[in-house]
Amino acid sequence: MTIRAYGAHAGNKPLEAMQITRRVPGAHDVQIDIAYCGVCHSDLHTVRAEWAGTLYPCVPGHEIVGRVSAVGAHVSGFRIGDLVGIGCIVDSCQHCEDCGAGLENYCDHMIGTYNSPTPDAPGHTLGGYSQRIVAHERYVLSIRHPEAQLAAVAPLLCAGITTYSPLRHWNAGPGKKIGVVGIGGLGHMGIKLAHAMGAHVVAFTTSESKREAAKVLGADEVVVSRDADAMAAHHKRFDLILNTVAMPHGLDAFLALLKRDGILALVGAPASPHPAPNVFNLITKRRSIAGSMIGGIPETQEMLDFCAARGIVADIELIRADQVNDAYERMLKGDVKYRFVIDNATLSPS
Ligand code: NAP
Ligand code: ZN
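Everything quoted here is computed from the prediction, not taken from an experiment.

Cut-offs applied
- Residues numbered from 1 in each chain as written.
- Chains lettered and ligands numbered in written order.
- Predicted model: local features only at pLDDT ≥ 70, side-chain atom pairs only at ≥ 80, totals over all residues.
- Heavy atoms only, no water.
- Donors = N, O, S within 2.8 Å, 3.2 Å for Na, K, Ca; no water.
- Helix = DSSP H or I, 4+ residues; strand = E, 2+ residues; numbered from the N terminus.
- Buried < 20%, exposed > 50% of the residue type's maximum accessible area, 1.4 Å probe, protein only.
- Domains from an automatic or database assignment.
- Contact = heavy atoms within 4.5 Å.
- Buried area = accessible area lost by both parts, 1.4 Å probe.
- Salt bridge = Lys/Arg side-chain N within 4 Å of Asp/Glu carboxyl O.
- Polar contact = N/O pair within 3.5 Å; in protein donor to acceptor, adjacent residues only side chain to side chain.
- Near = heavy atom within 4 Å.
- Areas by Shrake-Rupley, 256 points an atom, 1.4 Å probe, with all protein chains shown as cover.
- Nonpolar A, V, L, I, M, F, W, Y, C, P; charged D, E, K, R; others polar.
- 1 Å grid on protein atoms, 1.4 Å probe; cavity = no way out; pocket = protein on both sides within 12 Å on 5 of 7 lines; lining within 4 Å.
- Points joined across faces, edges and corners; volume = space filled by probe spheres on them.

Tell me about the coordination of the zinc ion (ligand 2), residues and numbers included.
Four donors placed tetrahedrally about a metal ideally form angles of 109.5 degrees, and six donors placed octahedrally ideally form angles of 90 or 180 degrees. Coordination sphere of the zinc ion (ligand 2), protein contribution only: C40 (SG), H62 (NE2) and C158 (SG), at 2.0 to 2.2 Å. Read in sequence order, the donor residues for the zinc ion (ligand 2) give the motif C-x21-H-x95-C. A residue pair is termed long-range when its members are at least 10 positions apart, and C40 in the loop between β3 (29-38) and α1 (41-47) and H62 in the loop between α1 and β4 (64-71) qualify at 22 residues. With relative accessibility at 9%, the residue H62 sits in the buried group.

And the structure:
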C-alpha cells in the first residue's frame, strides 16, 4: 500500500513530503496507524549523513505510537484498536544469544526501524515520519498510559529506554548518586527515570537557562558544567554518570567526579570521537567508561509499564510534519523543552 511520509532524498537536502509503500501484513505482522512520532537527535545524525551509511530516501522516526489497524492470522498478542508503540527495532535474528536474552538491541542482525536493509521496497527500512508501519509482533509494545498522554508517550520508545536500560543495568536506586549530562530529549528522561528509581540525581548542563526546569524534572541538584568550581565540589562523589551529549567533548571533567569503581556511561553518539581521556583519571580509582544502546524489547515493555504506573511521560512540543526541518535547527541550538513530537495526522492533506 502507498502512504504519505516525510523524509529526505539526500544528506544536504531538507526533508519533504513523499510517498512510500508498506508491505501487506504477513501472518505474524501488526499494522499500525501512526498517531505521533518523536524527533530524536539520531534522526538528524542519520538524515544528514553525519554517521556512515545513510540510505536514501531516508524516512526517519523511531519513537512511534498509534493504533493497530490490521493483524496477521498468527498474531496472538494484539488486536485491532490496541494502543501500541514501535521503538528502534523492527527485526532481529531471533536465534542468537542476545535475542535469547531479550537483548535484541545487541543482536548482530538487528534491523533498525529506519535505514536497515530489508526485502521491502526501497530495500531499506523507513521509519515513523509516516502514516503507517508494519512489523512482526515481537517488536510491538503495548501502551498502558491513558490515550490523552499518547503524544508524550512517544519519546519513551527511544529516549525513555535508552536512559532506563543503563540506569537499571548499573543499579540506579536509593543511596546512589547519579549524574545526567545534557538536558535534551534523552537527558530529561534520564533525570525523570533516575529520580523515579529513588536515586539522588544531579543534572549537568551547558545551559544556565535550564537550571530551574531541571529541578522540576526531578534533579536534586543542577551543575553548569562550564563552571569549574561547581564541578570541583562534586569530585569523587558519583556512582554513575550518564552522558547523553550529541557533540564531541572532553570526558575528563566527568571522570574526575566518579567514586572508586564509578561508571561513565556514554549514550550520546556524536559523529566524531570524543578527545581521548587522561588514563590517570581511570586507573587511580578503577573507573570505567562504558556504553549502552537503546534496550531490548522485554525491557522496553518493562520501562513503558514502569512509566504508566507512575504517570511518567516526556515533556514535548507537538509539531506539524512540515515543521520538522525547523525543529532540527532548534534541536541543534538546544531550543526545545525537551522533545519535538510530530502529529502524524498532519501528513494528510488538510
Ligand atoms: P538532544 O535533544 O539534542 O540533547 C542533547 C543535549 O546535549 C542538548 O540538549 C544539550 O544539553 C547537550 N549539548 C548539546 N551540544 C553540546 C555541546 N557542544 N557540549 C555540551 N553539551 C551539549 O539529543 P538527544 O535526542 O537527547 O540525543 C543525544 C545523543 O544520543 C545523540 O547523539 C543521539 O544520536 C544519541 N542517541 C543514542 C542512543 C543510544 O542507543 N545510545 C539512542 C538515542 C539517541 P544542555 O543544554 O543541557 O547542555
Ligand atoms: Zn532515538
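Describe the domain arrangement of the protein, listing the residues and the values that go with them.
Considered domain by domain, the protein is made up of domain 1 (2-158 + 295-347) and domain 2 (160-291). Here the C-alpha centre of domain 2 lies 27 Å away from the C-alpha centre of domain 1. Between domain 1 and domain 2, the contact holds 25 residues from the first and 24 residues from the second. Summing the contributions of domain 1 and of domain 2, the shared interface buries around 2000 Å²; its carbon and sulfur component is 63%. Taken as a group, C158, F306 and Y338 account for 30% of the area that domain 1 buries against domain 2, more than any other trio of residues on that side. Where domain 1 meets domain 2, there are two salt bridges. Here K192 and D315 are joined by a salt bridge, their closest N and O atoms 2.6 Å apart. If you look at where domain 1 meets domain 2, you find 13 residue pairs in polar contact (both at pLDDT 80 or more).

Go over the site of ligand 1, please, and point to the residues and values.
Taken together, 28 residues surround ligand 1, and among them T205, T206, S207, K210 and R339 come closest. Separating an oxygen atom of ligand 1 from a backbone N or O atom of I183 is a distance of 2.8 Å. V267 is positioned with one of its backbone polar atoms (N or O) 2.9 Å from a nitrogen atom of ligand 1. The fraction of the free accessible surface of ligand 1 (930 Å²) that becomes covered by protein chains is 87%. Mapped by element, the contributors of at least two residues to the shell around ligand 1 are α1 and α5 (185-196). Per-element accounting of the shell around ligand 1 gives the leading share, three residues, to α1. In the shell around ligand 1, the residues fall into 13 nonpolar, 13 polar and two charged. Counting the residues that make up the shell around ligand 1, at least three belong to each of domain 1 (2-158 + 295-347) and domain 2 (160-291).

Outline the layout of surface pockets, listing residues and values.
What the second largest pocket holds in volume is close to 320 Å³. Within the residue set of the lining of the second largest pocket, elements represented by two or more residues are β6 (89-91) and β8 (132-136). For the lining of the second largest pocket, a count of residues per class yields nine nonpolar, six polar and four charged.

Could you give an account of empty space enclosed by the protein, naming the residues involved and the relevant values?
Within the structure shown, the criterion is met by one cavity of 30 Å³ or more. Quantified by volume, the largest cavity comes out at close to 50 Å³. If you trace the largest cavity, you find it lined by G87, C88, I89, L157, I161, I294, G295, I297 and T300. When the residues that make up the lining of the largest cavity are grouped by side-chain class, the tally is six nonpolar, three polar and no charged.

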